[in-house]
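# Survey of secondary and tertiary structure
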Amino acid sequence: MSENEARGRRRVISGLIRPMSEKYESYLCDESRVIGNAESISFPRTEVELRYALSVEYARGDRVTVQGGRTGISAGAVPNGGHIINLSRMDRITGMRKDADGEFCVRVQAGVVLTRFNDAVAEKKFDASGWGYASLSALEDFHGAGPYMFMPDPTEDTATIGGMAACNASGALTYRYGSTRRHISALRVMLCDGRSVSLRRGECFAKGRRLQLRTDDGDVLCLDLPTYTMPDVKNAAGYFVCDGMDAIDLFIGSDGALGVIFEVEVRLMKRPAHIWSAMCFFGGENDALRFVAECRDMVENLAAIEYFDGASLDILRGEKAFGASLTRIPDISARYGAAVCVELHGALESEAMEQLFYVGECIDRAGGDIYDTWLARTSSANIGLREMRRAIPERVNRLIARRKLTEPTISKLGSDMAVPDGFLRATLGMYRLGMTEAGLESAVWGHIGNNHLHVNILPRSKEEFERGKALIAEWAKRVSESGGTISAEHGVGKLKRDALRIMYGDKHILEMSALKRALDPKWLLGCGNILPAATFGARGV
Ligand SMILES: Cc1cc2nc3c(=O)[nH]c(=O)nc-3n(C[C@H](O)[C@H](O)[C@H](O)COP(=O)(O)OP(=O)(O)OC[C@H]3O[C@@H](n4cnc5c(N)ncnc54)[C@H](O)[C@@H]3O)c2cc1C
């Protein structure tokens, strides 16, 4: 490239970093509704532009917050000063291959939005301009193969694939298919200074707790991994580390604090021919818990088990009565104080029918009524149930936003803890007792199949907010003691750092800090996510 061309290119790229202005105000927050601050923002479209933005900010020593779809609820994408790199314009699906097992893997830029990706996979329609021969040939095979799907399903489908990788997102289907981690076959990550690392699953492993990473330029980074043992439950708290781990897993779930994930390769799975859901109603929580236990024992092919307590059902009743939405679902009888939605995946109709029969038996045994169960066997009926699941958190967020108008110091307090098998009933009992004693309003729902419930405390005043916070800190301690996690899927972000410290203790927090410093010596990326920004910050504050 001539000096003139290089200068021209620098000029084009330099327009990339824009000063913050009112126009970009919405980028100061995410779904946590926490509002941050930043001096500048960029929307890179390519690897080159991303490298440029990172290198400039690295040279300046400015903090960088990475954003995908800003649907996160732990404030991870909320900027903490400095610069925002928003990846929503890196939104191309860039290729496809068949792996050694004959399964299809699709390569995407990090900003591809989940709903668009799912549509492309379902319809098998990709903009393949710029794809190489190998990708086009895999696409041809893909067209001739049966239906496929991408299993991770974090409820909010405007999330980006990069954001899902950064949070190791999970959701209802995690019960059967695991979290996003399990579906990622390769990643490309850019470090704080613009160097990139390309990782394919199965190619680079730690020796015990020492990991050597080779950058694309050939530099070798030697990393000492923290020594904690992660809980044996669904978990998104802190960095993923274990003996002999695959290097790719370090960046999955690292909450934008170790590197910028700019390319993700995901592995698709064959779409089950029969996807049926049953929404089962019960008089109260005890019956619902019995049903869950029976189902886990008796029913194979369960893909999801989702819980809704009485307050969540009231929210839905209110939404149906006063909103235009949720027209696809019937009214919920006033008799019911709890519900469980199960999803069955089967290759054959007879198989799904048999499992459904067992679900019916579990309903009977738990004191429910099979004639009051909603069955969804078509995709439109399944969409109705999905809209319903999504409506509850959205409605709760709106309620808190309204309360904030008169009491700006409050916000929603949501727990995201999971416990080992055998601790579910006692843990739910602990939540209920604590909230009754503290006189707090709440709604509880979530992924009960994984012993993972979201307790949403809905404070009406500053005092209630403080009481709720103290209660959640107490739960974090007791859940950690039982071998559980303080965050099963939303990640630590900026809101659960104190809870992470309760879970792992200071020694391991310092080990995590050392790992971060080895990859991000100026402490610039995702400042305040997982670890405090100030205590360990580059500016020494
Ligand atoms: C109604 C509702 C329901 C939800 N339900 C679930 C659920 O069931 N399960 C679940 O797991 N989550 C759930 N979420 C949370 C959220 O949707 C997920 O965490 C999602 O994965 C975030 O993706 P995003 O693109 O919006 O990321 P963002 O919110 O933009 O970012 C999230 C974090 O990842 C980092 N990040 C984003 N992109 C990158 C990147 N390319 N490289 C490095 N770091 C990056 C950010 O810095 C931040 O720390 C829900 C959210 C809402 C609003």
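The structure displayed is predicted, hence computed values, not measured ones.

### With respect to the overall build of the protein
Helices and strands together make up the secondary structure of the protein, namely 14 helices and 20 strands. In terms of C-alpha radius of gyration, the protein reaches 23 Å, essentially the compact-globule figure of 24 Å for 541 residues. Along the first, second and third principal axes, the C-alpha atoms of the protein reach 75 × 60 × 50 Å. Residues classed as buried in the protein amount to 57% of the 541 residues present. Within the protein, contacts between residues separated by at least 24 positions form 72% of all contacts whose residues are at least 6 apart in sequence. Total accessible area computed for the protein in this model is approximately 22,700 Å², and 51% of it derives from carbon and sulfur atoms. When the 69 positive and 71 negative side-chain charges of the protein are each reduced to one mean point, those points stand 4 Å apart.

### A word on the packing of helix H9 (residues 310–322) against helix H11 (residues 379–406)
Closest axis-to-axis distance for the H9/H11 pair is 9 Å, and the angle between their directions is 90°. By the criterion of interaxial angle, the relationship of H9 to H11 is roughly perpendicular. Touching Ser 312, Ile 315, Leu 316, Gly 318 and Glu 319 of H9 are Met 388, Ala 391, Ile 392, Arg 395, Val 396 and Arg 398, all from H11. Its residues assigned to classes, the contact of H9 with H11 comprises six nonpolar, two polar and three charged.

### Topic: the site of the ligand
Taken together, 36 residues lie near the ligand, and Val 66, Gly 68, Thr 71, Thr 160 and Ser 170 sit nearest. Between Gly 68 and the ligand, the recorded distance is 2.7 Å, taken from a backbone N or O atom to an oxygen atom. Gly 76 has a polar backbone atom sitting 3.3 Å from an oxygen atom of the ligand. Summarising the interface, the protein chains cover 98% of the accessible area of the ligand, which totals 970 Å² for the free molecule. Split by domain, the shell around the ligand shows at least three residues from each of two domains, domain 1 (3–86) and domain 2 (93–270).

### Describing the layout of surface pockets
By volume, the second largest pocket amounts to about 870 Å³. Lining the second largest pocket are 31 residues, and of these Asn 118, Met 149, Arg 271, Ile 383 and Arg 386 lie nearest its centre. Of all the secondary-structure elements, those providing two or more residues to the lining of the second largest pocket are helix H3 (114–123), strand E7 (148–149), strand E14 (274–282) and H11. Classifying every residue of the lining of the second largest pocket gives 14 nonpolar, seven polar and 10 charged. Split by domain, the lining of the second largest pocket shows at least three residues from each of two domains, domain 2 (93–270) and domain 3 (274–481).

### So, the pairing of strand E6 (residues 104–109)
Regular strands place side chains that alternate from one sheet face to the opposite one. Counting buried positions along E6 gives five out of six residues, so the element sits mostly inside the fold. With antiparallel pairing between neighbouring strands as the criterion, strand E5 (residues 93–98) and E6 make up a hairpin whose turn holds five residues, including Gly 102 at a positive phi of roughly 80°. Two strands pair when backbone bridges link them, and E6 and strand E12 (residues 260–267) are joined in this way by five bridges, in the antiparallel orientation. Bridge assignment links Arg 107 to a residue of E12, and that residue is Glu 265.

### With respect to the confidence of the model for the protein
This prediction gives the protein a mean pLDDT of 93; 96% of its residues lie at or above 70. Counted against residues more than four places away or in other chains, residues 535–541, with its pLDDT under 50, gives 12 contacts.

### Notes on the sheet that holds strand E2 (residues 40–42)
Pairing is mixed across the open sheet formed by four strands, whose spatial order is E1-E2-E4-E3. Bordering the open sheet on either side are strand E1 (18–19) and strand E3 (64–67), each of which pairs with just one other strand. Two elements, E2 and strand E4 (residues 83–86), share three bridges in a ladder whose sense is parallel. From the neighbouring strand, Ile 41 faces E4, where its bridge partner is Ile 84. Against the sheet, helix H2 (residues 47–60) engages E2, E3 and E4, with an angle of about 165° to E4.

### So, the pattern of salt bridges
The final tally for this structure, using the stated rule, is 41 salt bridges. A salt bridge links Arg 460 to Glu 464; its shortest N-O distance comes to 3.2 Å. Residue Glu 464 is classed as buried on the basis of its relative accessible area, which comes to 10%. For Lys 516, the salt bridge is made with Asp 520, and the minimal N-O distance between the two is 2.6 Å. One connected set of salt bridges, linked through shared partners, spans Asp 153, Glu 156, Asp 157, Arg 386, Arg 389, Arg 390 and Glu 394.

### Here we look at the side chain of Asp 30
Mapping Asp 30 onto the fold places it in the loop between E1 and E2. Here Asp 30 occupies a buried position and makes no salt bridge, while the nearest side chain of opposite charge, Lys 494, is found at 6.9 Å. Among the polar contacts listed, one links the side chain of Asp 30 to the side chain of Ser 32, at a separation of 2.5 Å. Sequence-distant contacts of Asp 30, defined by excluding residues within four places in its chain, comprise Arg 70, Gly 72, Ala 75, Gly 76, Ala 77 and Val 78.

### Description of H9
Taking 1.5 Å of rise per residue, the 13 residues of H9 would be expected to cover 18 Å, and the 18 Å separating its terminal C-alpha atoms lies within 8% of that figure. Among all positions in H9, only Ser 312, Leu 313, Ile 315, Leu 316, Gly 318 and Glu 319 are buried. Of the surrounding secondary structure, the elements contacted by the buried residues of H9 are E14, strand E15 (302–309), strand E16 (338–346), H11 and strand E19 (442–447). One side-chain oxygen of the residue at the start of H9 lies 3.2 Å from the amide nitrogen of Ala 311, identifying that residue as Asp 309.

Reading the values: rules and limits
- Residues numbered from 1 in each chain as written.
- Predicted model: local features only at pLDDT ≥ 70, side-chain atom pairs only at ≥ 80, totals over all residues.
- Heavy atoms only, no water.
- Helix = DSSP H or I, 4+ residues; strand = E, 2+ residues; numbered from the N terminus.
- Rg over C-alpha atoms; globule rule 2.2 N^0.38 Å.
- Buried < 20%, exposed > 50% of the residue type's maximum accessible area, 1.4 Å probe, protein only.
- Contact = heavy atoms within 4.5 Å.
- Areas by Shrake-Rupley, 256 points an atom, 1.4 Å probe, with all protein chains shown as cover.
- Lys, Arg positive; Asp, Glu negative; His and termini not counted.
- Charge placed at Lys NZ, Arg CZ, Asp CG, Glu CD.
- Axes fitted to C-alpha atoms, helices over the stretch in contact; angles between N-to-C directions.
- Parallel < 35°, antiparallel > 145°, perpendicular 65-115°, else oblique.
- Nonpolar A, V, L, I, M, F, W, Y, C, P; charged D, E, K, R; others polar.
- Near = heavy atom within 4 Å.
- Polar contact = N/O pair within 3.5 Å; in protein donor to acceptor, adjacent residues only side chain to side chain.
- Domains from an automatic or database assignment.
- 1 Å grid on protein atoms, 1.4 Å probe; cavity = no way out; pocket = protein on both sides within 12 Å on 5 of 7 lines; lining within 4 Å.
- Points joined across faces, edges and corners; volume = space filled by probe spheres on them.
- Pairing = 2+ DSSP bridges.
- pLDDT = per-residue confidence, 0-100.
- Salt bridge = Lys/Arg side-chain N within 4 Å of Asp/Glu carboxyl O.
- Expected span 1.5 Å × (residues − 1).

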